[in-house]
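Okay, here's what each chain looks like letter by letter:
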Amino acid sequence: MTMNRRSFLATTAAATAAIGTPMILRAQPKEYVLGASLPLTGPFATAGQLVAPAFAMAAKLFNDEGGVAGVPIRFVTEDSGYVPQNALNNYQRALASEGKNMIGYFADSTGAMKLIAPELKGENARIMGSTSFASELANPETHPYQYLSGPTYQSQFDILLQNIKNEGGQKVAFIFSNTEFGRDPIEHGRKTAEELGLEVVLEESTKAEGADIPTHVTKLAQSGADIPTHVTKLAQSGADHCILQGYVTGVWPQLIGGARQFGLPVKFKGTFWGMEKLIADRITAEAGPFLAGYEGVMPYRYFYDREDAPRYQQYAELSKQMFAGTPLENYMSTWAIQTMCGLEIAMKAFRDTAEAGLELTPDNIAEKLSGISNWDSGGFFGGPVSMENNAIGTGRVYGYNPEDGLFTPKSDWFTV
């Protein structure tokens, strides 16, 4: 059969209509870009500096795997100083310089996510992850392009309260920083406790932790919070369990230390930001083993728990290659793990979009991300997980042992 130009075009058009436009026929950039703001200076510079190497690892790993449909991805990271306005400025600058090649962004705080959210419209919209677990962000109707890489703070309270119920607890106290971060799950936690038959006997807010992280991590007298007053109220409440919320490096250790000095038998539990091994180890080294028995919720396995986590095993090999001779060679902080999980989720959404033959527009990526179901993350979580309301409501309780410096599982995995 002889095919002339007209019949060739007709046949091609029919095939294209049947199978969709092949990726090769679409205008592809030479690279995709994922921007990020990190607190490399300022009050949370320690966390930012521990997280930054994760972006270098992600760039190597993702590009060695073929990038997104064969297109490499480049990471552009700028310092925010943990100031939301700086993060917004960084985002706008990245949009201007990278244009449509930038298909995603990573923010460093709830404040940054909320400040940038109104900008995510039309040509300025991009898929966006962050370090935040803020409950209000887990709403595709109001934040269609933003997602969480784990459970909201409300879900973390649900997990802890169910764990307390399982342990036979009856009376619980909530101590939280007087910040949006601290207050986030309190009302929800009160309702969950009531549903579980637990009595909330104390809701106590404290000042936020001090900005001088190295000092405030271990020195009780300089925490910025009135520790003796809070501990006295906790003793008077008769609580058998106390959940601490809204702290990162300070106040939560001081509260536990003060309670132990007071002789209180109350069992303390924390949420994600109070579960970093490096902080617990430093406290133990400088102030003694008073964190024995401290527990909290973690969405992910710790980095040293790699037996059933093939993705962690890949990270470990890369860490030895890329960070040899540094503390990062053998340990990845919980903060960096959260970041890697967020980047893995974004990459899955990018790749799922490309594999479906769709353009990598914010709407197409957001649709694929929100539809992630039964995902084998390679070991971050205890099993396959799904996105619900742009969050993953999974975690388990870990406890700290000062003798070996490890957080180990104290519960099965919860999905809420």
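For the structure given in this document, a descriptive report is provided here. Just so we're clear, the structure is a prediction, and the values are computed from it rather than from any experiment.

So, how was this worked out
Residues numbered from 1 in each chain as written. Predicted model: local features only at pLDDT ≥ 70, side-chain atom pairs only at ≥ 80, totals over all residues. Heavy atoms only, no water. Helix = DSSP H or I, 4+ residues; strand = E, 2+ residues; numbered from the N terminus. Buried < 20%, exposed > 50% of the residue type's maximum accessible area, 1.4 Å probe, protein only. Contact = heavy atoms within 4.5 Å. Areas by Shrake-Rupley, 256 points an atom, 1.4 Å probe, with all protein chains shown as cover. Salt bridge = Lys/Arg side-chain N within 4 Å of Asp/Glu carboxyl O. Axes fitted to C-alpha atoms, helices over the stretch in contact; angles between N-to-C directions. Parallel < 35°, antiparallel > 145°, perpendicular 65-115°, else oblique. Left-handed = near helix turned anticlockwise from the far one by under 90°.

Topic: the overall build of the protein
Argument step 1. In terms of helices and strands, the protein carries 14 helices and twelve strands.
Argument step 2. A buried classification covers 54% of the 416 residues belonging to the protein.
Argument step 3. By sequence separation, contacts in the protein at least 24 residues apart represent 72% of the contacts at least 6 residues apart.
Argument step 4. Of the accessible surface of the protein, which amounts to about 17,600 Å², a share of 50% is contributed by carbon and sulfur atoms.

What about the pattern of salt bridges?
Argument step 1. Throughout the structure, instances matching the rule amount to 20 salt bridges.
Argument step 2. Between K267 and E167 there is a salt bridge, with the nearest N and O atoms lying 3.3 Å from each other. With K267 in strand β8 (residues 267-270) and E167 in the loop between α5 (153-166) and β5 (171-177), this pair connects stretches of sequence that are 100 residues apart.
Argument step 3. According to the relative accessible area criterion, K267 is partly exposed, its value standing at 27%.
Argument step 4. Judged by its relative accessible area of 34%, E167 falls in the partly exposed class.

Quick word on the packing of α5 against helix α7 (residues 186-196)
Argument step 1. Relative to each other, α5 and α7 sit at 30 degrees, their axes nearing to 9 Å. What the angle tells us is that α5 and α7 run roughly parallel. As for how α5 packs across α7, the hand of that crossing is right-handed. Between α5, through Q154, F157, D158, L161, Q162 and K165, and α7, the contact on the second element is made entirely by I186, H188, G189, T192, A193 and L196.

The quantities given are spatial measurements derived from coordinates; they are silent on function.
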